[in-house]
Amino acid sequence: MFVSKNLSVNEKGNLTIGGADTVDLAKKYGTPLYVMDEELIREHCRSFKQSIDKYYNGNGLVCYASKAFCCKAICKAMMDEGIGLDVVSEGELYTALSVGFPVEKICFHGNNKTDDELLLAVENNVGRIIVDNIFELERLNDIAEEKGIKANIMFRIKPGVDAHTHDFVKTGQIDSKFGFALETGEAFEAVKKAVSLKNINLVGLHCHIGSQIFDIDPFVLAAEIMINFIADIKSKLGHEVKELNLGGGFGIKYTEDDSPVAYDKYMENVSVRVKELCAEKNIELPFILIEPGRSIAAPAGITLYTVGGVKHIPNIRTYVSIDGGMCDNPRYALYKSKYEAVVANKASQPKNTTVTIAGKCCESGDLIGEGMQLQEAVPGDIVAVLATGAYNYSMSSNYNRLRKPAVVFVNKGNSRVVVKRETLDDIIRNDEE
Ligand code: LLP
């Protein structure tokens, strides 16, 4: 009935998430409010982990891409589940370190890491630093030398698979700000350099081909290309690349039009091909890392808003105005991303209106969606936007000096605040007169 399986309707006709009544949550914590179902987050982690156990003898690690949704509580949940973490800035790394996240399970990404960021990673012995370019490699070698350590690195490779287009293509990805190109020999030169550097230990290669991908084939193709490169490195340089990080990007269901593939199908197909190719090329099976972000967090989250006004513009459209908007969910403004919405206090009623959900920012493009099916909404109703657990809170802003909403975790019907709502004092905290 809903896009995410943790959502239901109770006897009052109210929408529930993870067993908690969303109308009660809105009353208790106020709106706008991000609500995440911790149980579902953990269930997703387990199913990714189990797919590696089942198809690849457990010879791998799931690293949650924390850019999807990062705060102390989710880092702790990941820790608990034995999951690793992909971080992409000192802020994300600092959050992980603040809860004592096991550093050996952290992958540090970024196409333009600052010296401070590299230093923070080196000083804390982060498990793998994913090096994006040759300048970074040199700077990292210097920093590691200064600190007297050997930094474990992976190279970010552009495998030449562009999965952003509907029909994925094999070329065209060379024009990307991320990583080293294979076709031009840039990646091979970087590997040569890395193996010659005293304070660098090249443990693996990394690729990430896109996000919200439904096809399995581009992932398999990317894995093939990477294994071929690993074989090439071994035969030409005698260097064994032991790890292969295949990134994230697994698609989720935002609306009824989306049909994601079960995760274990992905792992099954990738494992089969990797095993075949490694046998053929006579190389060791690499330790495989995957970095799901959206698929762990998005389906577990919803955002609750209060309806302020409703404007019927005859023959044009109906605007339902909510107390949040592009500040807490910029994805429609940025990508025209589609969402499903429900009037939480009328969840058992039919969706008999077509509306535009508009935010409260001073910006015409501040919309959550257009042409959305919704129950008849009136001021005071609670609107839930579904599958907002990823790239919403993490991409939120203070535009118009709006306060960032609180984040609440629900677990088997109980709820707790994991990120407090910003106060007006937070808004002026860093201002100087
Ligand atoms: N690993 C790397 C190196 C990445 O760059 C990303 C996402 C991931 C893993 C996780 O991908 P996921 O499983 O979440 O698809 N703001 C955009 C998404 C940007 C994704 C960037 N990189 C959105 O709201 O759709």
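Rules of the game
Residues numbered from 1 in each chain as written. Predicted model: local features only at pLDDT ≥ 70, side-chain atom pairs only at ≥ 80, totals over all residues. Heavy atoms only, no water. Axes fitted to C-alpha atoms, helices over the stretch in contact; angles between N-to-C directions. Helix = DSSP H or I, 4+ residues; strand = E, 2+ residues; numbered from the N terminus. Parallel < 35°, antiparallel > 145°, perpendicular 65-115°, else oblique. Contact = heavy atoms within 4.5 Å. Nonpolar A, V, L, I, M, F, W, Y, C, P; charged D, E, K, R; others polar. Domains from an automatic or database assignment. Buried area = accessible area lost by both parts, 1.4 Å probe. Salt bridge = Lys/Arg side-chain N within 4 Å of Asp/Glu carboxyl O. Near = heavy atom within 4 Å. Polar contact = N/O pair within 3.5 Å; in protein donor to acceptor, adjacent residues only side chain to side chain. Areas by Shrake-Rupley, 256 points an atom, 1.4 Å probe, with all protein chains shown as cover. Expected span 1.5 Å × (residues − 1).

K.L.:
Can you help me understand the packing of helix H6 (residues 134-147) against helix H7 (residues 186-196) in this one?
P.N.:
A pair of packed helices can be characterised by two numbers: the angle between their axes and the separation between those axes. The N-to-C vectors of H6 and H7 enclose an angle of 5°; their axes lie 11 Å apart at closest approach. Comparing their axes, H7 and H6 come out roughly parallel. In this structure, H6 uses Ile 134, Leu 137 and Glu 138 to contact H7, whose residues at the interface are Ala 190, Lys 193 and Ala 194. Considering only residue class, the contact of H6 with H7 consists of 4 nonpolar, no polar and 2 charged.

K.L.:
How should I be thinking about the domain arrangement of the protein chain in this particular structure?
P.N.:
Where interface size is quoted, it is often the accessible area lost as the parts come together. Looking at the protein chain, the domain boundaries give domain 1 (7-37 + 299-428) and domain 2 (109-292). Taking only C-alpha atoms into account, the centre of domain 1 sits 36 Å from that of domain 2. With 6 residues of domain 1 in contact, the opposing surface of domain 2 contributes 5 residues. Summed over both sides, the interface between domain 1 and domain 2 buries roughly 550 Å², with carbon and sulfur atoms accounting for 56% of that surface. Counting across the domain 1 and domain 2 interface gives 0 salt bridges. Partitioning the side of domain 1 that touches domain 2 into residue classes produces 3 nonpolar, no polar and 3 charged.

K.L.:
Is there a simple way to think about the site of the ligand in this case?
P.N.:
Taken together, 18 residues surround the ligand, and among them Ser 211, Glu 291, Arg 294, Arg 331 and Tyr 391 come closest. In this structure, Asp 86 approaches the ligand through a side-chain N or O atom, which is 3.2 Å from a nitrogen atom. Here the ligand loses 86% of its free accessible area of 590 Å² to cover by the protein chains. Here the residues of the shell around the ligand are counted per class, giving 5 nonpolar, 7 polar and 6 charged. When residues are assigned to domains, the shell around the ligand turns out to be shared by domain 1 (7-37 + 299-428) and domain 2 (109-292), each giving three or more.

K.L.:
Explain helix H8 (residues 217-237) here, please?
P.N.:
Within an α-helix, residues lying three or four positions from one another point in the same direction, as the helix has 3.6 residues per turn. End to end, H8 covers 30 Å across 21 residues, agreeing with the expected 30 Å (1.5 Å per residue, within 8%). Following H8 by one or two positions, Gly 238 has its phi on the positive side, about 70°.

K.L.:
How do you make sense of the environment of Glu 256 when you look at a structure like this?
P.N.:
Tracing the backbone through its elements, the reader meets Glu 256 in the loop between strand S12 (243-245) and helix H9 (263-281). For Glu 256 and Met 1, which are 255 residues apart along the polypeptide, the C-alpha to C-alpha distance reads 9.4 Å.

K.L.:
Explain the side chain of Asp 37 here, please?
P.N.:
By the secondary structure assignment, Asp 37 is in strand S4 (residues 33-37). The contacts of Asp 37, once residues within four sequence positions are left out, are Asn 6, Ile 17, Gly 18, Ala 300 and Val 410.

K.L.:
Where do I start with unusual backbone geometry in this structure?
P.N.:
The general pattern is negative phi for most residues beyond glycine and trans for most peptide bonds. Going from Thr 31 to Pro 32, the amide bond is cis rather than trans, its omega being -10°. A positive phi angle, near 65°, is found at Asn 315, a position not held by glycine. Tracing the backbone shows Asn 315 in the loop between strand S14 (301-313) and strand S15 (317-322). Of note, Lys 412 is a non-glycine position whose phi angle comes to about 50°, a positive value. Along the chain, Lys 412 falls in the loop between strand S20 (406-411) and strand S21 (414-419).

K.L.:
Just to check I follow, could you spell out the environment of Gly 179 for this structure?
P.N.:
Take Gly 179: it is sitting in the loop between strand S9 (151-158) and strand S10 (180-181). Sequence spacing of Gly 179 and Phe 155 is 24 residues, and the spatial spacing of their C-alpha atoms is 7.4 Å. When near neighbours in sequence (up to four residues on either side) are disregarded, Gly 179 contacts Asp 132, Arg 156, Lys 158 and Glu 186.

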